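Structural overview
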Amino acid sequence: MTSTQLAGRIAAAAADKKARDVVTLDIREKTTITDYFVICEGDTDRQVRAIVDNIEEVCRQDGIRPLHVAGLSDASWACLDFDSVIVHVFLPGERTYYDLEGLWTERETQRNAG
């Protein structure tokens, strides 16, 4: 499975658990750490956990497991590392605070301006 296909499967798995504002950022041209970020949010810590569980289950069906999962202890921001795709599942306040979409968009804007 390509990284593009994996990002699509992960985004769909998040949407299946009613994740809000699912965004897939293609960052292949911006960094070597990963190909895609999939970013979404759940309304409660319980929903964040359900989204993460569903992503893991859908990927497991394809024989894919995350290299690492972090943040489930308080579930305000969970992160799943699938190597070519990194998934961020936030509570709304945390997503706004860290603003990953803005950071990566801003970086692109700055590079184009420079």
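In case you missed it, the structure is sitting above this.
Before going into details, it helps to say that this report is about the structure given with it. Residue numbers here run from 1 along each chain, matching the order of that chain's written sequence. It should be noted that, the model being predicted, local features are given only for residues of pLDDT at least 70 and side-chain atom pairs only at 80 or more, the latter also being counted only at that level, while totals for whole chains, interfaces and linings use all residues. Hydrogens are left out, water is left out, and the side-chain values use all remaining heavy atoms of the structure.

Side note on the nonpolar core
- Of all hydrophobic cores here, the largest spans 25 residues; its most connected members are I10, I55, F82, V85, V87 and V89.
- In DSSP terms, a helix is any run of H or I states spanning at least four residues, a strand is any run of E spanning at least two, and both are numbered starting from the N terminus. When contributions to this core are tallied by element, the ones reaching two or more residues are α1 (3-16), β2 (36-41), α2 (45-61), β4 (77-81) and β5 (85-90).
- Should any heavy atoms of two residues lie within 4.5 Å, those residues are counted as being in contact. In this view, I55 contacts I10, A13, A14, L80, F82, V87 and V89; residues no more than four positions away in its chain are not counted.
- Listed in part, the eight residues of the second largest apolar core include I27, F37, I39 and F90. Residues grouped as a nonpolar core are buried Ala, Val, Leu, Ile, Met, Phe, Trp, Tyr and Cys residues, joined through side-chain atoms within 4.5 Å. Each residue's exposure class comes from its accessible area (1.4 Å probe, protein chains only) as a fraction of the maximum for that residue type: buried when under 20%, exposed when over 50%, partly exposed otherwise.

Describing the pattern of salt bridges
- A carboxyl oxygen of Asp or Glu within 4 Å of a side-chain nitrogen of Lys or Arg is what we treat as a salt bridge. In total, this model carries eight salt bridges according to the counting rule given.
- For D45, the salt bridge is made with R49, and the minimal N-O distance between the two is 3.3 Å. Of this pair, D45 and R49 both sit in helix α2, four residues apart, roughly one helical turn.
- For D45, a relative accessible area of 34% gives the class partly exposed.
- The partner of R60 in a salt bridge is E57, with the nearest N and O atoms 2.8 Å apart. Taken together, the positions of R60 and E57, both in helix α2 and three residues apart, correspond to about one turn of that helix.

Quick word on α2
- Any helix carries an expected span of 1.5 Å times its number of residues minus one. Taking 1.5 Å per residue as the helical rise, α2 with its 17 residues ought to reach 24 Å, and the 25 Å between its terminal C-alpha atoms agrees with that figure.
- Turning to α2, its buried residues number three or more, namely Q47, V48, I51, V52, N54, I55, E56, V58 and C59.
- Taken together, the buried residues of α2 touch α1, β2, β3 (68-70), β4 and β5.
- Downstream of α2 by a residue or two, G63 has a phi angle that is positive, lying close to 80 degrees.

Focus: the side chain of T34
- Looking at the secondary structure, you find T34 in the loop between β1 (20-26) and β2.
- Here the side chain of T34 touches S84 through a polar contact of 2.9 Å, landing on its backbone oxygen.
- Apart from the residues within four sequence positions on either side, T34 is in contact with I27, R28, D83, S84, V85 and I86. Counted as a polar contact is a pair of N or O atoms within 3.5 Å, where, for protein atoms, one must be capable of donating a hydrogen and the other of accepting one, and residues adjacent in sequence contribute only when both atoms are in side chains.

Here's the deal with the sheet that holds β1
- Reading across the sheet, the five strands line up as β1-β2-β5-β4-β3 and stay open at both edges, with mixed pairing between neighbours. Looking at strand neighbours, the two that pair on one side only are β1 and β3, the edges of this open sheet. If you compare each strand with its neighbour and ignore which way they point, the axes differ by 10 degrees on average.
- Between any two strands, pairing holds if DSSP finds at least two bridges. As paired elements, β3 and β4 share three bridges and run antiparallel to each other. Considered in β4, the bridge of V69 is made with L80.
- All axes are obtained by fitting lines to C-alpha atoms, using only the stretch in contact for helices, and the reported angles, taken between N-to-C directions, cover 0 to 180 degrees. Those strands touched by α1 are β1, β2 and β5, and its axis lies near 5 degrees from that of β2.

Quick notes on the environment of R9
- Among the secondary structure elements, R9 is positioned in helix α1.
- Judged by its relative accessible area of 33%, R9 falls in the partly exposed class.
- Separated by 50 residues in sequence, R9 and C59 place their C-alpha atoms 7.7 Å apart.
- For R9, the contacting residues outside a window of four places in its chain are M1, V58, Q61 and D62.
- Separated by 2.9 Å, the side chains of R9 and D62 make a polar contact.

What is shown is where atoms sit, not what they do.
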